[in-house]
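# Observations on the three-dimensional arrangement
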Amino acid sequence: MNQLIQTISSDIDWRTAEISNFKIIPVKYNFSEQHLNSFIMYTVPSMYSLWEGFVKNTFEVLTRYLNTLGLNHDSIHINLLTHTIENQLKIGNERHHFDKKKKFIIGLKKNFDAPLKVEQGIPTESNINFKVTNKILERFNIQPLNDAYNAPLDRFLLFRNKISHGENSIVVTRKDINEFALLIQSLMHEIAIKIEDYLNSESYREVS
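Everything quoted here is computed from the prediction, not taken from an experiment.

## What about the overall build of the protein?
A tally of helices and strands in the protein yields seven helices and zero strands. Secondary structure of the protein in N-to-C order comes out as α-α-α-α-α-α-α. Within the protein, buried positions represent 44% of all 208 residues. Considering only intrachain contacts with a sequence separation of at least 6, the fraction spanning at least 24 residues in the protein is 80%. Of the roughly 11400 Å² of accessible surface on the protein, a fraction of 50% belongs to carbon and sulfur atoms.

## A short note on the packing of helix α2 (residues 33-66) against helix α7 (residues 174-200)
Orientation of α2 relative to α7, taken along the N-to-C sense of each, is 5 degrees, at an axis distance of 10 Å. As summarised for this structure, α2 and α7 are arranged roughly parallel, according to the angle between their axes. Residue-level contacts link L36, I40, T43, V44, M47, W51, F54, T58, L62, Y65 and L66 of α2 to R174, I177, F180, A181, I184, L187, M188, I191, I195, Y198 and L199 of α7. Partitioned by chemical class, the residues of the contact of α2 with α7 number 19 nonpolar, two polar and one charged.

## As for the packing of helix α6 (residues 150-164) against α7
One can describe the packing of α6 onto α7 by two numbers: an axis separation of 10 Å at closest approach and a directional angle of 125 degrees. With respect to their mutual orientation, α6 and α7 come out oblique. Where α6 crosses over α7, the handedness of that crossing is left-handed. Here P152, L153, R155, F156 and F159 of α6 lie close against α7, whose contacting residues are D176, E179, F180, L183, I184 and L187. Across the contact of α6 with α7, the residue classes tally to eight nonpolar, no polar and three charged.

## Topic: the nonpolar core
Counting 59 residues, the largest nonpolar core has W51, L62 and F156 as the members making the most contacts within it. Elements with a minimum of two residues in this core: α1 (2-28), α2, α3 (78-89), α5 (130-139), α6 and α7. With 15 residues, the top contributor of residues to this core is α2.

## Looking at α7
An α-helical turn contains 3.6 residues, so any two residues separated by three or four positions project in the same direction. The end-to-end C-alpha separation of α7 is 39 Å, in line with the 39 Å expected for 27 residues at 1.5 Å each. Positive backbone phi, approximately 50 degrees, marks E202, located one or two places after α7.

## A word on the confidence of the model for the protein
Predicted confidence across the protein gives a mean pLDDT of 86, with 88% of residues reaching 70 or more. Least confident of the elements in the protein is helix α4 (residues 98-109), whose mean pLDDT is 68; most confident is α7, at 95.

## Topic: the environment of I193
Mapped onto the fold, I193 is located in helix α7. You can call I193 partly exposed: its relative accessible area is 48%. Distance from I193 to S9, taken between C-alpha atoms, is 10.0 Å for residues 184 residues apart in sequence.

The rules behind each value
- Residues numbered from 1 in each chain as written.
- Predicted model: local features only at pLDDT ≥ 70, side-chain atom pairs only at ≥ 80, totals over all residues.
- Heavy atoms only, no water.
- Helix = DSSP H or I, 4+ residues; strand = E, 2+ residues; numbered from the N terminus.
- Buried < 20%, exposed > 50% of the residue type's maximum accessible area, 1.4 Å probe, protein only.
- Contact = heavy atoms within 4.5 Å.
- Areas by Shrake-Rupley, 256 points an atom, 1.4 Å probe, with all protein chains shown as cover.
- Axes fitted to C-alpha atoms, helices over the stretch in contact; angles between N-to-C directions.
- Parallel < 35°, antiparallel > 145°, perpendicular 65-115°, else oblique.
- Nonpolar A, V, L, I, M, F, W, Y, C, P; charged D, E, K, R; others polar.
- Left-handed = near helix turned anticlockwise from the far one by under 90°.
- Core = buried A, V, L, I, M, F, W, Y, C linked by side-chain atoms within 4.5 Å.
- Expected span 1.5 Å × (residues − 1).
- pLDDT = per-residue confidence, 0-100.

Right, dumping it as structure tokens:
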């Protein structure tokens, strides 16, 4: 477990350094106003890629770790079991709520005999906003993010989507970049803490 936490911490350190570069470069180099505005604008989707990459990488290494624990279908939490079977059987129809899928898996659970392997893959939906992040955490039975992250994270995604889709109506300032940088760093550390608590409490197991 310690190695897993260290892997996540090292990933956070690397991404934090990359985020710091986005803040330092405009100060260090004498950009023209036009070049500076372009750099600041396109920093937003670049920062988003660091956030999305963190979420994907974190749950990949967490999944690999869970697969070393020798969990079986009776001992694993129903949320994590549902996530696994959904990926295995390709039943990821987004029109059906996750709770309905859980009921389906509960009905099948007693028929499983093979060793359990948690499947890789999380539904990022191409926009890891507040709602999607909490849906991913729910799949692993990890505590959700605090509601205080809702508006800031969704604002970050609003900026990212408008810029990525070629809109030029949005104005991005250095203040926005600093706020987004602090938001991403705070989110990464928050998720790392939640995962450490999750592993210590063995919340990936079904409560008997």
